[in-house]
Amino acid sequence: MAGAVPGARSARWVVGVVLASFAGVYVLAAPSRTEGPVQAGAAIVLVLAVLLAQFVRVVPRWRTRRALTWSLPAQAAAAYTGVVAFGTSAGILGFVLGSLLLAGARPAAACVLASAALAGAPYGGTRADVTITCLLTGLVVYGLVRLADRADDVAAARLPLTVAAVERERLRIAAELDEGLGDGLRAVSAGSRRALDRPAEIADVLAVARRSLNRARTAAADLRSMSLAPEVAAARALLEAADVRAEVREGHREPLGPAGALLATVLREAVTDVVRAGSARTCLIATSERDGVVGLRVVNDGVRTAERGADGLEEAAERVRAAGGAFSAGLGEDGRFAVEAAVAAGERPVSLPDRTAYRLSLALLAAVLAGFSVKGLLAVPWGPLWPAAAAGLAVISAVQLLWAGRGRPRWWPPVLAVLSFAPVAVFGKAWVGVAGFLAGTFLVGLPAWAAVPLVAASMAAVGLAARTLGLGTAAVVNHVISTLVTGLVVYGLVRLARLVRDLRAAGEELARAATVQERLRAARDLHDLLGHSLAAILLKCELARRLAGADPGRARKELAEVVDMAEQARRDLRAATGGDAELALDAEAASARSVLTAAGVEVETVLGHPDLDARTSAVLGTVLREAVTNVLRHSAATRSTIATGQDGGAVWLVVENDGLDPEAPRTAPGAGIGNLTTRLAAAGGTLSARADGKGCFRLEARIG
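Residues numbered from 1 in each chain as written. Predicted model: local features only at pLDDT ≥ 70, side-chain atom pairs only at ≥ 80, totals over all residues. Heavy atoms only, no water.

Section: the overall build of the chain
For step 1, the next point in the chain: In terms of regular secondary structure, the chain is built from 23 helices and 10 strands.
For step 2, the next point in the chain: Within the chain, counting contacts between residues at least 6 apart in sequence, those at least 24 apart form 74% of the total.
For step 3, the next point in the chain: Carbon and sulfur atoms form 59% of the exposed surface of the chain, whose accessible area is close to 31900 Å². (Helix = DSSP H or I, 4+ residues; strand = E, 2+ residues; numbered from the N terminus. Contact = heavy atoms within 4.5 Å. Areas by Shrake-Rupley, 256 points an atom, 1.4 Å probe, with all protein chains shown as cover.)

Points about the sheet that holds strand 5 (residues 337-344)
For step 1, the next point in the chain: Strand order across the open sheet formed by 5 strands is 1-2-3-5-4, with mixed pairing between neighbours. Both outer strands of the open sheet, strand 1 (245-249) and strand 4 (326-331), are each paired with one neighbouring strand and no more. In this sheet, neighbouring strand axes are inclined to one another by 10 degrees on average, regardless of whether the strands run parallel or antiparallel.
For step 2, the next point in the chain: As defined by bridge partners, strand 2 (residues 282-290) adjoins strand 3 (residues 293-300) across 8 bridges and the pair is classed as antiparallel. Residue pairing in the sheet places A286 in a bridge with R297 of strand 3. (Pairing = 2+ DSSP bridges. Axes fitted to C-alpha atoms, helices over the stretch in contact; angles between N-to-C directions.)

Details of the pattern of salt bridges
For step 1, the next point in the chain: Applying the stated criterion across every chain, the model contains 15 salt bridges.
For step 2, the next point in the chain: E558 is paired through a salt bridge with R554; the nearest N and O atoms lie 3.1 Å apart. Of the two residues, E558 and R554 are both situated in helix 20 (residues 552-576); the distance of 4 residues between them amounts to about one turn of the helix.
For step 3, the next point in the chain: Here E558 falls in the buried class, since its relative accessible area comes to 3%.
For step 4, the next point in the chain: With a closest N to O distance of 3.2 Å, E700 and R702 form a salt bridge.
For step 5, the next point in the chain: Taken together, the salt bridges that share partners define one network made up of D647, E656, R698, E700 and R702. (Salt bridge = Lys/Arg side-chain N within 4 Å of Asp/Glu carboxyl O. Buried < 20%, exposed > 50% of the residue type's maximum accessible area, 1.4 Å probe, protein only.)

Considering helix 18 (residues 448-468)
For step 1, the next point in the chain: Spanning 21 residues, helix 18 covers 30 Å between terminal C-alpha atoms, matching the ideal 30 Å at 1.5 Å per step.
For step 2, the next point in the chain: For helix 18, the set of buried residues is A450, A451, V455, S458, M459, V462, G463, A465 and A466.
For step 3, the next point in the chain: In the stretch just after helix 18, G470 is the one whose phi turns positive, near 85 degrees. (Expected span 1.5 Å × (residues − 1).)

Quick notes on the packing of helix 3 (residues 65-86) against helix 4 (residues 93-103)
For step 1, the next point in the chain: At a closest axis distance of 9 Å, the pairing of helix 3 and helix 4 adopts a crossing angle of 160 degrees. Relative to helix 4, the element helix 3 is oriented roughly antiparallel. For the element pair helix 3 and helix 4, the recorded crossing hand is left-handed. Here L72, Q75, A76, A79, Y80 and V83 of helix 3 lie close against helix 4, whose contacting residues are L93, F95, V96, S99 and L100.
For step 2, the next point in the chain: For the contact of helix 3 with helix 4, the per-class residue count stands at 9 nonpolar, 2 polar and no charged. (Parallel < 35°, antiparallel > 145°, perpendicular 65-115°, else oblique. Left-handed = near helix turned anticlockwise from the far one by under 90°. Nonpolar A, V, L, I, M, F, W, Y, C, P; charged D, E, K, R; others polar.)

Remarks on the sheet that holds strand 7 (residues 639-647)
For step 1, the next point in the chain: Taken together, the 5 strands give an open sheet; going across it, the order is 6-7-8-10-9, and neighbouring strands pair in mixed fashion. Both edges of this open sheet fall to strand 6 (602-607) and strand 9 (685-691), since each of them pairs with a single strand only. Put simply, the sheet's adjacent strands are angled 10 degrees from each other on average, direction ignored.
For step 2, the next point in the chain: When strand 9 meets strand 10 (residues 697-703), the two strands line up antiparallel, connected through 7 bridges. Along strand 10, the bridge assignment pairs S688 with E700.

Here it is as structure tokens:
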């Protein structure tokens, strides 16, 4: 691994600070455990060598095969030399123990722990105390490095996770579309070839083409609606176009899958009713997600009776209830009409973050708490007070785990502060080390501006308590530094676990967003590419059926074009499911003239564009397809103009028709204009579509 990504780099800093603080305890203890400055200096150098060898496993750029080969023997040599020759506490062997655990050498790690027990504590303490310290140090080293590695792995996996999610969604879409649309297009192509010699079969081709077109439109709508956010955005635009002030509160996660399709249906019908009534001034659209249930709430102030508001929502209500969801519609106490629906989210296309790293962190934290508690109890004389000390340490450990794992009530830090210092008067020096957990609580749960002074105050209080108990200077310093180290250990374990969780959640969110975008892309392609092809096929088949008796030759020509169009539609289907669209502006202009002429529209083409690169040509060809589809579906045009040209560095396409009814009532906008705007924006272009108020409609696209 050459280096850590920025999100995981902070994990390495956390590990480095915690391990350095561990080493600092042994560095500060060196003068009191050796005789003379030379020996103390040598002991300090050996401690730093142990730390440096550990950093080989912490810093990714240092983690080469060669470095890993020599670092462990060098670390072991430095640690054992310090213990044997210079009196360094055998607890430093915990670094070696942790390195062996990371390397998977558990039998060797057990031998190191046994040697720490044999080395004992010639400068005070007990063998059990030193053994526990070595074990805890090894577990902390192992846990911190593993968590930092996990952060690196999760951060590095975000892009592959996203790509895999998109590929899974693409394959799913392809399988669904090919089963219905693919079979239909193959049937259209084969039926058109048969109808060349048997005109009576044109009716069958027409029926298949009509079903395929309906399937394409339904599939495009379903793909869009499975992601509720685009439908919410479309609803907001429709409301604002009708002079209704819209407020949107999104509280769900995308993508939703079938739940999104159901709620999108409810949203569309509810908002359409609001616009149709024309009396609302405000409308609230709110989504929520809790305990696996996704909710939608649409509230408006334009409905006077519950019965009137519920008109038109029966079908949506039935669909929601049939899926096991809940639906209600009625007037609230504030006099506003509310439509509410809730359905189970179901299985997500992208999985949610797991809690493996967090469980590892809490398990290690529990081990550290247990180890420190045992160390404290070893210093408490057996007697009537021993059970009280055990109970107190158990309470502190439980509160600390709850604080780190589930929540952070404000009253816990004061409780921990009392439990950390009040028993010192009873248990003496056995209780002084407990304040380290209080420091960890401050670091984990409070912002830095509050945590740092409180940790400093805790360290000062520990020093004062140790001095009051009559401990020597070296012991006082050791307790003060140990308070900071324990706090940093707690902070490091919890902070790294949360970082891994956050990185994984960010990766999952990225994959979800990419999945939504893939669905929307497929919906755009179905609408813009396949929808046009199928509409043109339907038109040509109808024309061939009418010409079959009067002009068989012309009918055969139209059917031959249907065969070509069906093959193009199959290519469009491949493009919609992840392939590259094979579009070109010149070819689309010729196809547009043919289709519009067949529909009885007089066409004028003025093509003055220069040679275009493939991408620009494909984008403008897609725009032209959608424009022609709109002429056929949404107007009664008799004339249309298609013009292209170049203006400076920009290439433009203009499509005009005279089929717009200026008196037509306002309707919800289709997906086509939004799709084209998105495509052009991705290519660095713009789109404008407007009516002149006299029955003409003009669409202009510019790139460059």
